[in-house]
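Here is how the chains run, residue by residue.
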Amino acid sequence: MCVPDAARQAGISGQALTPLGVGLVGCGGFAEFVLDAVADLPGLRLAAVADPSRDRAERLGARHGVPALASLDELLERDDVAAVLIATPPATHAAMAITALRAGRHVFCEKPLATTTEDASAVAHEARLAGRVLVVDHVLRYNPLLRAVRHLTERGLLAAPRRFLFENDASDEDLGPDHWFWDPAHSGGIFVEHGVHFFDAARALLGSDPVSVRATAVARPGGPVDMVSADVVHPGGVLASHLHSFTHAHRAERQLMRLDHGFAETRISGWIPVRAEISAWTDEAGARRWEQLPDELGVLLSVDGFRPHGEERIAVRVERGAGSAAPARGRGEQRTVPHHVAAVLDLGGEVRKPYVYAQSVRAAVTDLVRAVREGTPPVADAVSGLAAVAVAEAATLAASTGTEERVPSPDLAVSEGASA
């Protein structure tokens, strides 16, 4: 049996599978969340944790029964660390990822991959050069609702989206005036630190790399920029609009993603999505296919590594003859669509948001383990991370200059990273 080099690094010899040893760097609250999410993941073993704060490292290490170290360098000295999980602030991600890759380790990196396109390009180039797996924690890629929308599109029940909109009214209650989030030197700014999730989601759902962007940034009186918006053009005249506002109390947070499919509309609520509502017009054959979806719940909402809790549901209602049977035309289409479909995909309601978030992270780390073992690309790879940072940085520049900015191709950016 020929074992890929990447798989060999995971400890695979023939059919004998050794768990992938992982070292975590950065022992803050997010690191605790990630380790709790993946603690019982098959094929993974936590080897050690590291943080410059001895107290944080020892507390997290004791919680998981592993050694507590002081730095990434100490992690990389250990033979039982085959992969590094980076859970530090954004400005440190690129340098740490490159260091780990050059040491022959695989990498799981919290988003953003970097705070600049140049640095993200260097990381993506290094991952390609090292032949190691790099997964970026773009959790929306591993959310069952977004996966379901893609499946429905691939199966022809939904047309490819013509328009993508995301509005995020987020909380600033935990973001004091001295928090690193407000400092672009540490976070990259709102588009980079937070917006990358949704630039990446749009890229995945639209199936294309963005071409250009116009953007606006608004600062609170006497304070930092706390609201940004961007209009991103994708090939074929598809427009993706993004708005992020960090101005709300926790209890008043609201997030909505809307996809226009022509004959259908999808509305997905929550930045960690827990509910999707689809309104569609279709013919009799399409109506019958929609009505079969509740029986396919397990398949439609399946994501490797994401454990269902049992309260997920799909409900479909078809109202036959609800509209005119006259041919409907648009962008070259011509169909008779007399029936209206209302479908709801629910992961258990708002109360399940923390669970869905944790399981999405678990699925992302599962993707790392799978990619290492099989020698195949992960879903949220280095190029995905680079592409999201590239549009985020272009949006940041567009907001500051008031001009339309081109978004560099991620493939070209990786090549440029080789010469940086």
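Residues numbered from 1 in each chain as written. Predicted model: local features only at pLDDT ≥ 70, side-chain atom pairs only at ≥ 80, totals over all residues. Heavy atoms only, no water.

Caption draft 1: Quick look at the overall build of the chain. Helices and strands together make up the secondary structure of the chain, namely 15 helices and 20 strands. What you see for the chain is a C-alpha radius of gyration of 22 Å, in line with the 22 Å of a compact globule of 420 residues. When its C-alpha atoms are laid out on the principal axes, the chain stretches across 70 × 55 × 45 Å. Here the chain holds 420 residues, and the buried ones make up 53% of them. Considering only contacts in the chain between residues 6 or more positions apart, those separated by 24 or more positions represent 71%. (Helix = DSSP H or I, 4+ residues; strand = E, 2+ residues; numbered from the N terminus. Rg over C-alpha atoms; globule rule 2.2 N^0.38 Å. Buried < 20%, exposed > 50% of the residue type's maximum accessible area, 1.4 Å probe, protein only. Contact = heavy atoms within 4.5 Å.)

Caption draft 2: A look at the sheet that holds strand β5 (residues 68-69). Read from one edge to the other, the open sheet built from six strands follows the order β5-β4-β3-β6-β7-β8, with strand pairing classed as parallel. On the outer flanks of this sheet lie β5 and β8 (134-136), each paired with one strand and no other. Here three bridges tie strand β7 (residues 106-109) to β8, and the two strands are oriented parallel to one another. Bridge assignment links Cys-109 to a residue of β8, and that residue is Val-136. (Pairing = 2+ DSSP bridges.)

Caption draft 3: Structural view of the pattern of salt bridges. Tallied over the entire structure, the rule returns 28 salt bridges. Residues Arg-370 and Asp-367 are paired through a salt bridge, measuring 2.8 Å at the closest nitrogen-oxygen approach. Note that Arg-370 and Asp-367 are positioned in helix α13 (residues 353-374) at a spacing of three residues, about one turn of the helix. Owing to a relative accessible area of 22%, Arg-370 belongs among the partly exposed residues under this scheme. (Salt bridge = Lys/Arg side-chain N within 4 Å of Asp/Glu carboxyl O.)

Caption draft 4: Here's a closer look at the packing of helix α7 (residues 144-154) against helix α10 (residues 196-206). Axis separation between α7 and α10 bottoms out at 10 Å; the angle between their running directions is 25°. It follows from the interaxial angle that α7 and α10 lie roughly parallel. Side by side, α7 and α10 meet where Leu-146, Val-149 and Arg-150 of the first sit next to Ala-201, Ala-204 and Leu-205 of the second. Across the contact of α7 with α10, the residue classes tally to five nonpolar, no polar and one charged. (Axes fitted to C-alpha atoms, helices over the stretch in contact; angles between N-to-C directions. Parallel < 35°, antiparallel > 145°, perpendicular 65-115°, else oblique. Nonpolar A, V, L, I, M, F, W, Y, C, P; charged D, E, K, R; others polar.)

Caption draft 5: Spatial organisation of the packing of helix α6 (residues 117-130) against helix α14 (residues 382-401). Where α6 meets α14, the closest approach of the two axes is 9 Å, and the angle between their N-to-C directions is 170°. Our classification of the angle between α6 and α14 gives roughly antiparallel. Facing α6, whose interface residues are Thr-117, Ala-120, Ser-121, Ala-124 and Ala-127, α14 presents Ala-382, Leu-386, Val-389, Ala-390 and Glu-393. Of the residues assigned to the contact of α6 with α14, the class counts are seven nonpolar, two polar and one charged.

Caption draft 6: Representation of the packing of aromatic side chains within the structure. This structure, assessed with the given rule, holds seven aromatic pairs. For the ring pair Phe-181 and Trp-182, a centre distance of 5.1 Å and an interplane angle of 85° mean the geometry is edge-to-face. There is no split in this pair, since Phe-181 and Trp-182 are both buried. An aromatic cluster is present here, built from Phe-30, Phe-33, Trp-271 and Tyr-357 joined pairwise through their rings. For the cation-ring pair, Arg-352 lies above Tyr-355, with the distance from its terminal atom to the ring centre recorded as 5.6 Å. (Phe/Tyr/Trp six-rings, centres within 6.5 Å; stacked < 30°, edge-to-face > 60°. Lys NZ or Arg CZ within 6 Å of the ring centre and 35° of its normal.)

Caption draft 7: Expanded view of α6. Between its first and last C-alpha atoms α6 spans 20 Å; for 14 residues at 1.5 Å apiece the expected length is 20 Å, and the two agree. Of the positions making up α6, those classed as buried are Thr-117, Ala-120, Ser-121, Ala-122, Val-123, Ala-124, His-125, Glu-126 and Ala-127. A positive phi of about 65° marks Gly-131, the residue just after α6. (Expected span 1.5 Å × (residues − 1).)

Caption draft 8: Region of interest: the confidence of the model for the chain. On average, residues of the chain score 91 in pLDDT, and 91% of them are at 70 or above. In the model, residues 1-16 has pLDDT below 50 throughout and makes 30 contacts with residues more than four positions away in sequence or in other chains. (pLDDT = per-residue confidence, 0-100.)

Caption draft 9: Molecular detail of unusual backbone geometry. Here Lys-111 and Pro-112 are connected by a cis peptide whose omega angle stands at -10°. Relative to the helices and strands, Pro-112 is located in the loop between β7 and α6.

Caption draft 10: Here's a closer look at the environment of His-242. On the secondary structure map, His-242 appears in strand β12 (residues 238-248). In this structure His-242 comes out as buried when scored by relative accessible area, which is 2%. Along the sequence, His-242 and Phe-191 sit 51 residues apart, while their C-alpha atoms lie 9.4 Å from each other. Excluding anything up to four places from it in sequence, His-242 contacts Phe-164, Phe-166, Phe-198, Phe-199, Ala-202, Val-228, Ser-229, Ala-230 and Val-232.

Caption draft 11: Here's a closer look at the side chain of His-340. Tracing the backbone through its elements, the reader meets His-340 in strand β19 (residues 339-346). Here Ser-279 takes part through its side chain, which lies 2.8 Å from a polar atom of the side chain of His-340. Aside from chain neighbours lying at most four places away, what touches His-340 is Ser-279, Ala-280, Trp-281, Arg-317, Val-318, Glu-319 and Ala-322. (Polar contact = N/O pair within 3.5 Å; in protein donor to acceptor, adjacent residues only side chain to side chain.)

Caption draft 12: Inspection of the pairing of strand β14 (residues 264-269) at higher detail. Along β14, the buried face is formed by Ala-264, Thr-266 and Ile-268; none of Glu-265, Arg-267 and Ser-269, which line the opposite face, is buried. For strand β13 (residues 254-260) and β14, the ladder comprises five bridges, and the chain directions are antiparallel. Across the sheet, residue Leu-259 finds its bridge partner in β14, namely Thr-266. In this structure, the hairpin formed by β13 and β14 is closed by a connection of three residues, where Gly-262 is found at a positive phi of approximately 85°. Note: β14 against strand β15 (residues 275-282), six bridges, orientation antiparallel. Paired with Ser-269 across the strands is Arg-275, a residue of β15. Hairpin connection, β14 to β15: the antiparallel pair is bridged by five residues, and Gly-270 has positive phi, about 95°.

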